[in-house]
Amino acid sequence: MEPVVVVRYFEIGLKGKNRGYFEKKLIDNIRKIARPPEISKRYGRIIIRLKNMSFLEIKERLKYVFGIQNFSYAYAVSHDIDEIKEAVKKLLSLNIKGKKTFKVQTKRSFKEFPMTSNELSAYIGAYVLEEFDNLNVDVHNPDITVGIEIKEKEAFIFVGKERLYGGLPVGVSGKAILLLSGGIDSPVAGWYMLKRGLKLETLSFLSPPFTSEKSVKKILDLADVLSKYTPDTLRTHIVPFTEVQQYIKSNVPDRYSLIIQRRSMIRIANKLSKKRKASAIITGENIAQVASQTLSNLRTIEDVSDIPILRPLIGFEKLDIIEKAKEIETYGISILPYIDSCVAFAPKNPATKSSIGELKEIEQKLDKLFELEEKVFNKMESYTLGRES
Ligand code: ATP
Ligand code: MG
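What you see is a predicted model; the values in this text were computed from it and never measured.

Cut-offs applied
Residues numbered from 1 in each chain as written. Chains lettered and ligands numbered in written order. Predicted model: local features only at pLDDT ≥ 70, side-chain atom pairs only at ≥ 80, totals over all residues. Heavy atoms only, no water. Near = heavy atom within 4 Å. Polar contact = N/O pair within 3.5 Å; in protein donor to acceptor, adjacent residues only side chain to side chain. Areas by Shrake-Rupley, 256 points an atom, 1.4 Å probe, with all protein chains shown as cover. Helix = DSSP H or I, 4+ residues; strand = E, 2+ residues; numbered from the N terminus. Nonpolar A, V, L, I, M, F, W, Y, C, P; charged D, E, K, R; others polar. UniProt positions renumbered as here; feature names shortened; annotations may be inferred. Pairing = 2+ DSSP bridges. Contact = heavy atoms within 4.5 Å. Axes fitted to C-alpha atoms, helices over the stretch in contact; angles between N-to-C directions. Patch = residues over 30% accessible without salt bridge, like charges linked within 9 Å, V, L, I, M, F, W, Y side chains within 5 Å. Salt bridge = Lys/Arg side-chain N within 4 Å of Asp/Glu carboxyl O. Buried < 20%, exposed > 50% of the residue type's maximum accessible area, 1.4 Å probe, protein only. Phe/Tyr/Trp six-rings, centres within 6.5 Å; stacked < 30°, edge-to-face > 60°. Lys NZ or Arg CZ within 6 Å of the ring centre and 35° of its normal. Right-handed = clockwise from strand over helix to strand, strands pointing away. Parallel < 35°, antiparallel > 145°, perpendicular 65-115°, else oblique. Left-handed = near helix turned anticlockwise from the far one by under 90°. Core = buried A, V, L, I, M, F, W, Y, C linked by side-chain atoms within 4.5 Å.

1. A short note on the site of ligand 1
In the neighbourhood of ligand 1, 18 residues make up the surrounding shell, with Leu179, Ser181, Asp185, Ser186 and Gln293 lying closest. Ser181 is positioned such that a nitrogen or oxygen atom in its side chain is 2.5 Å from an oxygen atom of ligand 1. Interatomic distance of 2.9 Å between a backbone N/O atom of Ile184 and an oxygen atom of ligand 1. Summarising the interface, the protein chains cover 85% of the accessible area of ligand 1, which totals 580 Å² for the free molecule. Within the residue set of the shell around ligand 1, elements represented by two or more residues are α6 (185-195), β11 (199-206) and α9 (254-276). Counting residues per element, the shell around ligand 1 draws most heavily on β11, which supplies three residues. Residues that form the shell around ligand 1 fall into these classes: six nonpolar, eight polar and four charged.

Written out as structure tokens, the structure reads:
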């Protein structure tokens, strides 16, 4: 009787001829993120042999692996009926607290096993009734389900399934640059895109000396949380944006300075994407009543991008974003008072509407703008976070 974890992955199962690639990537990611003692692919499942690792420890680690739909703590046993009974007894003893009803569910892909699925379920059900005085059968709505899977070389016995986030293994969908501010939204946006299998690098714009080292630490701490979900290291880039901001502030009508700043950020993000071979930009933008996030301004901001801008939070409620930020533990970092870019550069009455023509005209007169963007880009500092690959 050997303690194992049976890992299931529905969505990946749907991906046709890419299936083999997804499975390989998922196993690779589990290996790097959860570091299990032994892992293998079997019968359309992934089986982790726990050796000396505890169930609790593996559970805590598997939480960070996107692509897993659910998993079960299980015992791997032989086809011997006494061994199956022993495993059922042991698992139930460990999980029975507060439970009154149960059912047994058997799946048998190994047809040479001497009992049918129904026969085995009935047999084990009778055994459980005998062994556990306080348990009764309820096939429709049981408190606890004993699962039995009879495979060719062994049988797996488990109770219940633990849901995880699902999604796709990080890395299967390509790479994108996350514009990571110190706010609540952008780390959550990054989390959702990691969940869709994107590998991330982050890019943040700070305004030294108006922002301090504490702002740098805040950005690194946020990126560090995201790095827990990535199988390899996570690159974090910080651009000292002050010179561009000062130039815009002194040369652009106040109402347009915010949009022009955002266009600068996107142009710099495009430079980084080219350098790092990323094929999209991610922001925490959301249709909102703030100037930078009206439909009109989203359009004029994305106008300067050669690659798609992904906005996973576009239709979210703020409260839902906050809830998710708390769940993934970025919230406590995001609400620290250290700002990302200086409030002194924020306009008093930013325009809620802008036209591409108008902005191009303004930018044409800013003969130093592109040069300064190049200059701050060259001053970018890059950090490597997370696990060693
Ligand atoms: P957030 O909570 O993510 O800061 P927000 O609701 O405050 O979002 P904005 O400040 O308008 O919205 O920013 C919109 C998006 O633009 C952010 O989610 C982020 O992706 C990007 N962004 C804004 N400021 C910066 C910055 N200083 N560095 C990097 N990205 C930024
Ligand atoms: Mg913000």
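Read on for the rest.
2. Considerations on the UniProt feature "domain: THUMP" (unreviewed entry) in the protein
As recorded in UniProt, the feature "domain: THUMP" (unreviewed entry) lies at residues 56-161. With 35% helix and 28% strand, residues 56-161 has its two end C-alpha atoms placed 14 Å apart.

3. Considering the sheet that holds strand β10 (residues 175-179)
Read across the open sheet, the six strands follow the order β14-β13-β10-β11-β12-β15; overall the sheet is mixed. In this open sheet, the two strands that pair with only one neighbour each are β14 (309-310) and β15 (381-385). Looking at chain direction, β11 and strand β12 (residues 234-240) are connected through six bridges and run parallel. When the bridges of β12 are listed, Ser204 appears paired with Ile238. Contacts between helix α7 (residues 213-227) and the sheet are confined to β10, β11, β12 and β15, with β12 contributing the most and set at about 155° to the helix. Sitting on the sheet, α9 touches β10, β11, β12, β13 (281-282) and β14, and the angle it makes with β11 is about 140°.

4. Examining a nonpolar patch on the surface
On the surface, Leu129, Val137 and Val139 cluster together to form a nonpolar patch covering roughly 240 Å² of accessible area. Summarising the element assignment, Val137 is placed in strand β6 (residues 136-137). Residue Val137 is classed as partly exposed on the basis of its relative accessible area of 46%.

5. Looking at the packing of aromatic side chains
For the structure on display, the rule yields 13 aromatic pairs. For the ring pair Tyr64 and Tyr229, a centre distance of 5.0 Å and an interplane angle of 65° mean the geometry is edge-to-face. On the criterion of sequence distance, the pair formed by Tyr64 in the loop between α3 (55-62) and β4 (70-77) and Tyr229 in the loop between α7 and β12 is long-range, its members being 165 residues apart. A residue is classified by how much of its surface remains accessible, and Tyr229, at 3% relative accessible area, is buried. The interplanar angle of 55° and the centroid separation of 4.8 Å between the aromatic rings of Phe205 and Phe241 together place this pair among those described as tilted. Highlighted residues: Phe205 in strand β11 and Phe241 in the loop between β12 and α8 (242-251), separated in sequence by 36 residues. Taken individually, Phe205 and Phe241 each receive the classification buried, so the pair is uniform in this respect. Stacked on the ring of Phe158, the Lys or Arg Arg8 has its end atom at 4.9 Å from the ring centre. The ring of Tyr331 carries the charged tip of Lys326 above its face, separated from the ring centre by 5.0 Å.

6. What to know about the pairing of β10
Judged by how many residues are buried, β10 sits mostly within the fold: five of five residues are covered. Of the two faces of β10, the one holding Lys175, Ile177 and Leu179 and the one holding Ala176 and Leu178 are both buried throughout. Here β10 runs beside β11; their pairing, made up of five bridges, is parallel. Within the sheet, the bridge partner assigned to Leu178 lies in β11 and is Thr202. Taken together, β10, α6 and β11 form a β-α-β motif whose crossover is right-handed. Pairing geometry for β10 and β13, over two bridges, is parallel. Looking at the pairing, Leu178 lines up with Ile282 of β13.

7. Section: the packing of helix α4 (residues 81-95) against helix α5 (residues 117-131)
Where α4 meets α5, the axes come as close as 11 Å, and the angle between the chain directions of the two elements is 50°. Here α4 lies oblique to α5, going by the angle between them. Both α4 and α5 take part in a crossing whose hand is right-handed. Here α4 contributes Ile81, Ile84, Lys85, Val88, Lys89 and Leu92 to the contact with α5, which in turn contributes Leu120, Tyr123, Ile124, Tyr127, Val128 and Glu131. Taken together, the residues of the contact of α4 with α5 sort by class into nine nonpolar, no polar and three charged.

8. Things to note about the nonpolar core
Ranked by size, the top nonpolar core spans 54 residues in total, and within it Val5, Ile30, Ile48 and Leu62 carry the most contacts. With seven residues, α7 is the largest single contributor of residues to this core. Not counting the four nearest positions on each side in its chain, Val5 is found in contact with Ile46, Ile47, Ile48, Leu50, Phe55, Ile58, Leu62, Phe71, Ser72 and Tyr73. In this structure, Ile248, Ile281, Ala351 and Leu369 belong to the second largest nonpolar core, which totals 33 residues.

9. Thoughts on the side chain of Lys175
Structurally, the position occupied by Lys175 is in strand β10. A distance of 2.8 Å separates a polar atom in the side chain of Lys175 from a polar atom in the side chain of Glu201. A polar contact of 2.9 Å, which involves the side chain of Lys175, links it to the backbone oxygen of Arg276. Apart from residues lying up to four places away in sequence, Lys175 is in contact with Leu198, Lys199, Glu201, Arg276, Lys277, Ala278, Ser279 and Ala280.

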